[in-house]
Structures are given as C-alpha cells and as structure tokens.
Amino acid sequence: MTTTRSTPTISLDAASVARFIDHTLLKPEATAGDVTALIAEAIELGAYSVCVSPSMLPLRIPAGAELKVAVVCGFPSGDHHSAIKGAEAALAIEQGADEIDMVIDIGAAKAGRFADVQADIAAVRASIPAPGVLKVIIESAALTDAEIVAACQAAVDAGADFVKTSTGFHPAGGATLHAVRLMKQTVGDRAQVKASGGVRSFDDALAMIAAGATRLGVSGSAALLAGATPVGPADGY
C-alpha cells in the first residue's frame, strides 16, 4: 500500500473485517477452477463478496451462502465506449451479478471533461436495475486531489453507490489513506468508499476502514485476516 502507515484508530476482529472484503480474483490467467476455489475460500473466511471478471459468469454459489457477486466493467483501462460498458454491466446483472465495479474514462478525467465522466457513469447506472449496486473506480493514484474530488462528484451525481480507489493494475499505484479520506470527505453520506489496490495486511485494512472505507478489495484475504502480509506476487489487488 503506497502510503505512510499510521496506527489504526479502530479495533475490529478478523470476522468483522471479513465482512468488508470483496474477495478478488482478476488475474488474466485465472481459470474457472480458480474461481471455484475463490468462492469456497470466501465462504470459509466470511467475506462479503467475490469480485471476478465478467467472463467467469454465471457463478455457482452454494445454496444458503451469504455471498454476493461483484463483477468488473470496462476493466482495467476504462477506455471503452459507454454503450459497451452499459451492455457489459447489463449482461453481468442478467447472469447473476449483484454489484458492478466500473472503471471511469480516466483520460476524460485528466482532461477535465467531467461532464463526459458523469455521462459515462450514468450510462452504466441506467443498465443496472435496482437493487444492483454500482461502484465507480476512479483510479485515484493517477489523479490530482482536485481531479479526485471532481470524479467523485461526477459519480454521486450519476447515481453511484460507491466510489472506489483503484483497479490495482495501474502503474501509478493503488489505494492510499489520503485518497480514501478525500473521497469520503467528498461523497459524505451520498455514497460509500471502497479501498482497493495494495490492501494486504490487517493493519492496512483497519487503517482504510478508519479513514472511511466501508468495502475493501483484497486478493490475499486469508493472509490479511490471519494478520500476515501475503508472500509472493500479487495480482494487483
């Protein structure tokens, strides 16, 4: 996590933190078998959801499991036509997704074209019937503070349920405490904040929650909840 560590100001146990986690697998080389294992692990850990690529749908979630399905959209670049993003989101919902994590047009944000950013988000929002949840990935590490604020404002004005820091795949980096605090300050009670990208330790998770995150994108969830930092290469999350 590309931020200076600070002492968490909250105290939660592993089971409580697990309910914040979208247990994530977005590696391009992931297989259907890997996703089956992801689902089993998420249920064992008590995670809130699994987050996967749209090609993995539909998923087989065991009957009675309290596990939501999140699917990415326009991922990871965000450089997809709004109509394509909307169609991708609609198909994912039709195939059983509960939540959509879409990537904004980052180039439009960098160019200051926030009306276009809002229209892009609104196109996806219109494709997700209630009670589908829309999370908007702004790629905060690639944006200035002013751009983060404007992107978050565009997201809430378009009807997003969450603003989300990162894809976890951008070379600029992932979530920071500063970005999470700024995003929460901007959206207030109008939306929630998801921190993803580099949240790998239990202390990272507590710090992000204390900063205002109500959801965490994590691939190494078992190690995080055990209080250990994952060993070996990560898939970006």
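Here we summarise the structure given alongside this text. What you see is a predicted model; the values in this text were computed from it and never measured.

Side note on the environment of aspartate 161
Then, number 1: Within the secondary structure layout, aspartate 161 lies in the loop between α6 (145-157) and β6 (162-164).
Then, number 2: Overall, aspartate 161 belongs to the partly exposed group, its relative accessible area being 29%.
Then, number 3: Residues aspartate 161 and glutamate 99 lie 62 residues apart in sequence; the distance between their C-alpha atoms is 9.7 Å.
Then, number 4: For aspartate 161, the residues in contact, after removing those within four places along its chain, are Arg125, Gly132, Val133, Leu134, Ala191 and Gln192.
Then, number 5: At 2.8 Å, the side chain of aspartate 161 and the backbone nitrogen of leucine 134 are in polar contact.

Observations concerning the nonpolar core
Then, number 1: If you look at the biggest cluster of nonpolar residues, it comprises 79 residues, and the most contacted ones within it are Val17, Ile100 and Leu216.
Then, number 2: Here this core gets seven residues from one element, more than from any other, and that element is helix α8 (residues 202-211).

Digging into the sheet that holds strand β1 (residues 21-25)
Then, number 1: Strand order in the closed barrel formed by eight strands is β1-β2-β3-β4-β5-β6-β7-β8, and the pairing between neighbours is parallel. Taken pair by pair, the neighbouring strands of this sheet meet at an average axis angle of 25 degrees, ignoring direction.
Then, number 2: For strand β7 (residues 192-196) and strand β8 (residues 215-218), the ladder comprises three bridges, and the chain directions are parallel. Across the sheet, serine 196 pairs through a bridge with glycine 217, a residue of β8.
Then, number 3: Seen against the sheet, helix α5 (residues 114-125) touches β4 (99-103) and β5 (133-137) and runs at an angle of roughly 155 degrees to β4.

Remarks on helix α2 (residues 32-45)
Then, number 1: With 14 residues, α2 extends 20 Å from end C-alpha to end C-alpha; this agrees with the ideal 20 Å at 1.5 Å per step.
Then, number 2: All of the buried residues in α2 are Val35, Leu38, Ile39 and Ala42. Take α2 and look down its axis: the buried residues cluster within an arc of 100 degrees, on one side only. In α2, the exposed residues that point more than 90 degrees away from the buried face are Thr36 and Glu44.
Then, number 3: Contacts made by the buried residues of α2 are with β1 and β2 (49-52).

Quick notes on the pairing of β5
Then, number 1: Burial analysis of β5 places five of its five residues in the buried class, which makes it a mostly covered element.
Then, number 2: Burial of the side chains of β5 extends over both faces: Val133, Lys135 and Ile137 are buried on one face and Leu134 and Val136 on the other.
Then, number 3: Note: β4 against β5, five bridges, orientation parallel. Directly across from glutamate 99, in β5, lies its bridge partner valine 133.
Then, number 4: Two strands pair when backbone bridges link them, and β5 and β6 are joined in this way by three bridges, in the parallel orientation. Residue valine 136 lies in a different strand from β6, and its bridge partner there is valine 163.
Then, number 5: Handedness of the crossover joining β5 and β6 through α6: right-handed.

Focus on the pairing of strand β3 (residues 68-73)
Then, number 1: Buried residues dominate β3, accounting for five of its six residues.
Then, number 2: In this structure, β2 lies alongside β3, joined through four bridges in parallel fashion. In the strand pairing of β3, cysteine 51 is matched with alanine 70.
Then, number 3: Where β3 and β4 come together, four bridges link them in parallel fashion. Paired with valine 72 across the two strands is aspartate 101, which belongs to β4.

Cut-offs and rules
Residues numbered from 1 in each chain as written. Predicted model: local features only at pLDDT ≥ 70, side-chain atom pairs only at ≥ 80, totals over all residues. Heavy atoms only, no water. Helix = DSSP H or I, 4+ residues; strand = E, 2+ residues; numbered from the N terminus. Buried < 20%, exposed > 50% of the residue type's maximum accessible area, 1.4 Å probe, protein only. Contact = heavy atoms within 4.5 Å. Polar contact = N/O pair within 3.5 Å; in protein donor to acceptor, adjacent residues only side chain to side chain. Core = buried A, V, L, I, M, F, W, Y, C linked by side-chain atoms within 4.5 Å. Pairing = 2+ DSSP bridges. Axes fitted to C-alpha atoms, helices over the stretch in contact; angles between N-to-C directions. Expected span 1.5 Å × (residues − 1). Arc of directions from axis to C-beta. Right-handed = clockwise from strand over helix to strand, strands pointing away.

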